[in-house]
Amino acid sequence: MESAALSDQHHRRLERRVDRIQEKLPDSMARTLAWLREPRATWVRVPAGLLLILGGLFSFLPVLGIWMLPLGLVLLAYDVPFLRPPINRALVRGERRWKEWKRRRRAASSSSSS
């Protein structure tokens, strides 16, 4: 019982994190991600996640990139409960680093323009 409640909590956290990402995407990408997140899209989400992970592993090839790896892991986390906690932590860490990077960049540009 406790495990199910914890899994639900991790799922809700994952939903909130991906909501934030989805809000920042262009409309067509946001619609695609919204469709992939629906429960009925499991049959597409799991193979897409696996293919993205595989593509991320071959990031040295043209067109494929390392960006595919985290996206594939996020998609898989919707259907593989034990992936949710580490993916949630990675998303939180990534969001914090992104904000810090933007803050430093803003500070550097404002000090150089003065």
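Residues numbered from 1 in each chain as written. Predicted model: local features only at pLDDT ≥ 70, side-chain atom pairs only at ≥ 80, totals over all residues. Heavy atoms only, no water.

Q: What exactly am I supposed to notice about the packing of helix H3 (residues 42-57) against helix H4 (residues 68-77) here?
A: When two helices pack together, you describe them by how their axes are tilted relative to each other and by the distance separating the axes. Running from N to C, H3 and H4 cross one another at 155°; their axes reach a closest spacing of 7 Å. Relative to H4, the element H3 is oriented roughly antiparallel. Seen along the crossing, H3 lies across H4 with a hand that is left-handed. Contacts from Arg-45, Val-46, Ala-48, Gly-49, Leu-50, Leu-52, Ile-53, Gly-55 and Gly-56 of H3 reach H4 at Met-68, Leu-69, Leu-71, Gly-72, Leu-73, Leu-75 and Leu-76. Residues belonging to the contact of H3 with H4 are distributed by class as follows: 11 nonpolar, 4 polar and 1 charged. (Axes fitted to C-alpha atoms, helices over the stretch in contact; angles between N-to-C directions. Helix = DSSP H or I, 4+ residues; strand = E, 2+ residues; numbered from the N terminus. Parallel < 35°, antiparallel > 145°, perpendicular 65-115°, else oblique. Left-handed = near helix turned anticlockwise from the far one by under 90°. Contact = heavy atoms within 4.5 Å. Nonpolar A, V, L, I, M, F, W, Y, C, P; charged D, E, K, R; others polar.)

Q: How do you make sense of the side chain of Gln-22 when you look at a structure like this?
A: Looking at the secondary structure, you find Gln-22 in helix H1 (residues 2-24). Setting aside anything within four residues of it in sequence, one finds Gln-22 in contact with Ala-30, Leu-33, Ala-34 and Arg-37.

Q: What is the right way to read the pattern of salt bridges from this model?
A: All chains considered together, the criterion is met by 9 salt bridges. Salt-bridge contacts for Arg-37 lead to Asp-19; the nearest nitrogen and oxygen are separated by 2.8 Å. Of this pair, Arg-37 sits in helix H2 (residues 27-37) while Asp-19 sits in helix H1; the two residues are 18 residues apart in sequence, bridging distant segments of the chain. (Salt bridge = Lys/Arg side-chain N within 4 Å of Asp/Glu carboxyl O.)

Q: Looking at this structure, I do not really get H3. What am I missing?
A: Turn by turn, an α-helix covers 3.6 residues, leaving residues three or four places apart pointing in a common direction. Look at H3: 23 Å from first C-alpha to last across 16 residues, which is about the 22 Å you get at 1.5 Å a residue. At its buried positions, H3 is contacted by H2 and H4. (Expected span 1.5 Å × (residues − 1).)

Q: I tried to follow the environment of Ser-111 on my own but got confused; where do I start?
A: As for its position among the elements, Ser-111 is in helix H5 (residues 84-113). On a C-alpha basis, the gap between Ser-111 and Val-44 in space is 48 Å, while along the polypeptide they are 67 residues apart.

Q: Is there a simple way to think about the environment of Ser-7 in this case?
A: Of note, Ser-7 is situated in helix H1. For the pair Ser-7 and Pro-85, spaced 78 residues apart in sequence, the C-alpha separation works out to 8.7 Å. With residues near it in sequence (within four places) discarded, Ser-7 still touches Pro-81 and Arg-84.

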